[in-house]
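Listed below, chain by chain, are the residues.
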Amino acid sequence: MTRTLPRNSATVMAQEPRKTPPRPAKPRVIVTRRLPPDVEARMAQLFDASFNVADAAMDRIAMARAMADCDVLVPTITDQIDADLIDGAPDRLRLIASFGSGVDHIDLVAARKKGIIVTNTPGVLTEDTADMTMALILSVPRRLAEGEKLVRSGAWQGWSPSGMLGHRIGGKTLGIIGMGRIGRAVARRARAFGLSIAYHNRHRLPFEVEQELEARWQGDLDALLTDSDILSIHCPLNADSRGLVDARRIGLLRSHAYVINTSRAEIMDEGALIDALEESRIAGAGLDVYAHEPAVDPRLLALSNVVLLPHMGSATIEGRHATGARVIANIRTWVDGHRPPNQVLEGWV
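Residues numbered from 1 in each chain as written. Predicted model: local features only at pLDDT ≥ 70, side-chain atom pairs only at ≥ 80, totals over all residues. Heavy atoms only, no water.

The name given to the protein in an unreviewed UniProt entry is 2-hydroxyacid dehydrogenase, with Sphingobium lactosutens DS20 as the source organism.

**Regarding the UniProt feature "domain: D-isomer specific 2-hydroxyacid dehydrogenase NAD-binding" (unreviewed entry) in the protein**
We apply this condition: UniProt positions are given in the numbering used here, feature names are shortened, and annotations may be inferred rather than shown by experiment. Where helices and strands are cited, they refer to DSSP runs of H or I of at least four residues and of E of at least two residues respectively, numbered from the N terminus.
Annotation from UniProt places "domain: D-isomer specific 2-hydroxyacid dehydrogenase NAD-binding" (unreviewed entry) at residues 134-313. Along residues 134-313, the helical share is 33% and the strand share 16%, with 10 Å between the first and last C-alpha atoms.

**Examining the sheet that holds strand β12 (residues 284-287)**
How we decide: By definition, two strands form a pair when at least two bridges between them are found by DSSP. Axis definition: a line fit to C-alpha positions, over the contact stretch in the case of helices; interaxial angles, taken between N-to-C directions, run 0 to 180 degrees.
Strand order in the open sheet formed by seven strands is β9-β8-β7-β10-β11-β12-β13, and the pairing between neighbours is parallel. Strand pairing shows two members of the sheet lacking a second neighbour, β9 (215-217) and β13 (306-308), which therefore form its edges. Across this sheet, the average inter-strand angle for adjacent strands is 20 degrees, counted without regard to direction. Pairing between strand β8 (residues 196-200) and β9: three bridges, direction parallel. Considered in β9, the bridge of A198 is made with R216.

**Let's talk about the pairing of strand β10 (residues 230-233)**
Keep this limit in mind: Exposure categories follow from relative accessible area, calculated using a 1.4 Å probe and restricted to protein chains: below 20% of the type maximum is buried, above 50% is exposed, and the middle band is partly exposed.
The side-chain alternation of β10 yields two buried faces, one formed by I230 and S232 and the other by L231 and I233. Bridge count for β10 against strand β11 (residues 258-261) is four bridges, and the pairing is parallel. In the sheet register, I233 faces β11, and the bridge partner there is N261.

**What to know about helix α14 (residues 317-335)**
To keep things clear, this is the line we draw: Between the first and last residue of a helix there are one fewer steps than residues, each counted as 1.5 Å, and that sum is the expected span. Working rule for contacts: check all heavy atoms of both residues, and any pair within 4.5 Å makes them a contact.
Its 19 residues place the ends of α14 27 Å apart at the C-alpha level, agreeing with the 27 Å of an ideal helix rising 1.5 Å per residue. Those residues of α14 that fall on the buried side of the exposure criterion are G319, T323, G324, V327, I328, N330, I331, T333, W334 and V335. Tucked into the core, α14 has its buried residues touching β2 (28-31), α2 (37-46), β4 (72-74), β5 (95-97), β6 (117-119) and α6 (126-139). Of the residues one or two after α14, G337 is the one with positive phi, at around 90 degrees.

Written out as structure tokens, the structure is:
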């Protein structure tokens, strides 16, 4: 598990290699995907930067070549930087400045052993992701996607007392798995819609935070699932959370429950979720992430009680600009010989 460490942590300094090659004044930086034009322009001004003009995801061969030709690699969350790629990189590569907050796509243990610093961009996309989560919480029970498709199809016959009936969310229980930045931001929004908040977290929040959010801690994850009318996933993907909501736990959800996932698909057993949806053992789902994206299981596409989004929870212009600015700050701080503000280490929560 990982965490961005505080700026004055002596632990970070102890983990960094004592002898490293001099840091170039204008490092060679390779960016694996297209970024907003103003972010790329600023990078080109500050660094010897190379960009993926085609914006096609790099395969392993292309990624290995990129890592062999730069001082700093700027990957995104869809680039899998595993131990073999890191071990094969020359000593020239000293910094992986990831564009995004998640770091489950980077082997942090291998990077640390190699003496490569890894940074991320935490907190930048909290509000954007929370907004999208709340949109799904509203969309699925109220059947917004189904209604929109009905209008576009030309089959809508007008208003009727029994037409397009959904469920109100006020008075229902929202169960949140993972009460970090995004989970708390979702809780604040949900309270405004009259939802009761229950949450499961590795560590209970301080009493004052629970009071502010009007949130109830549930230390037993199984009990949270049993109690939830709407379940929303917000924990990071790591060894502990992979497959956390498995087939058995999906079976604990009640028939009227809805599942929302804007975190990582691998936290939930997607096949078991689809089975439950097809068999009407749960009422519906709102998904922004998928086990094999960009491929989406055809069974999901066939379900009318599921809202499917193209991994767009953080996709705002403001968020992308802020993420780019954070990446640039991490690189510039490293160039200046200081510890980047968003350095991430393996083993920290």
